[in-house]
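The residues making up each chain are set out below.
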Amino acid sequence: MENKLNIGGAINYGIGRLTTRGGAMLLTAYVLFQLATLVGYQSLLTGLLSESAANDQMLQSFPFALDLPISISGGLLVLLVVVGSVLSVVTMRAIYSDIDSIPTAEHTRRLVRTVGVTIIVGIITVLAIWIGSIFLLIPGIFLAVSLIFANAAVIIEDAGIIESLERSWELTSGNRIRLFALGVVVFGVFLVGYFITTITSMFAPAVGGLLSAIMFGSLTLVQIAVLVGAYRQLADGGEQASSASW
């Protein structure tokens, strides 16, 4: 019999895992990562604008920018893509198991191989969703939901490329509507966060930038934690993190 996703249980599991010492460490790492990304992005953008007809007022909108050559700021962003992939691997494994012992050898096992496979799987997933969306929005959404656990299968189960896609399709079977509803909730929270930081940045760019790093670092971590909660339920035979029933 197919396991039915308990949305409340997945959310409670994710929040519960983050209200720990290990969760606090991960939250700090994600906020710092968002700040580093902001510095790299604004430095690159400022460098590009300074070579055009940008005025001083435009440049003042990027308070976290450093005076770096475009090659350096661009390289920093590429490096941060790799760092972000490593961070997501360790995070997902820690939330799944032994979060208060982070980092352990289990959290970093086969790290290079895992990061490489997750990047490839991510590209395949994005292409599949994009192709599905070209024809109609519905196929794109369907594929996005069906492949949502592909990276989790790679990171937690050490699955290969094709195996991870098949595993995600299997786990989402019978739960796609519930997973879509969970995705809508997460997207709605991100949308509110984006609105708040955008309005703040219009009046105080530095405060808005700092707020966005804290907010989106936190929300990204919560999103991963809830995803792991949902994955754990469906992959481990319906194991529940709480008694919530949504």
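Residues numbered from 1 in each chain as written. Predicted model: local features only at pLDDT ≥ 70, side-chain atom pairs only at ≥ 80, totals over all residues. Heavy atoms only, no water.

(A) Inspection of the packing of aromatic side chains at higher detail. Per the stated rule, a full pass over the model turns up four aromatic pairs. Pairing F190 with F216 gives two aromatic rings, centres 6.1 Å apart and planes at 20°, and the pair type is stacked. Taken together, the residues span a long stretch of sequence, with F190 in helix α9 (residues 176–203) and F216 in helix α10 (residues 205–235) at a distance of 26 residues. Of the two residues, F190 and F216, neither departs from the other in class, the shared state being buried. Taken together through their ring pairs, the aromatic side chains of Y96, F149 and Y231 make up a single cluster. Geometry around W169 places R176 over its ring, the cationic atom sitting 4.9 Å from the centre. (Phe/Tyr/Trp six-rings, centres within 6.5 Å; stacked < 30°, edge-to-face > 60°. Helix = DSSP H or I, 4+ residues; strand = E, 2+ residues; numbered from the N terminus. Buried < 20%, exposed > 50% of the residue type's maximum accessible area, 1.4 Å probe, protein only. Lys NZ or Arg CZ within 6 Å of the ring centre and 35° of its normal.)

(B) The arrangement of the pattern of salt bridges in detail. In the structure shown here, the tally under the stated rule is six salt bridges. Its salt-bridge partner being R109, residue D158 comes within 3.0 Å of it at the nearest N-O pair. With D158 in the loop between α7 (150–157) and α8 (161–172) and R109 in the loop between α4 (70–96) and α5 (111–135), the pair connects residues that are 49 residues apart, well separated along the chain. With relative accessibility at 18%, the residue R109 sits in the buried group. Several salt bridges converge on common partners, so that one network encompasses R93, E106, R109 and D158. (Salt bridge = Lys/Arg side-chain N within 4 Å of Asp/Glu carboxyl O.)

Interpretation note: all reported values are geometric properties and have no functional meaning in isolation.
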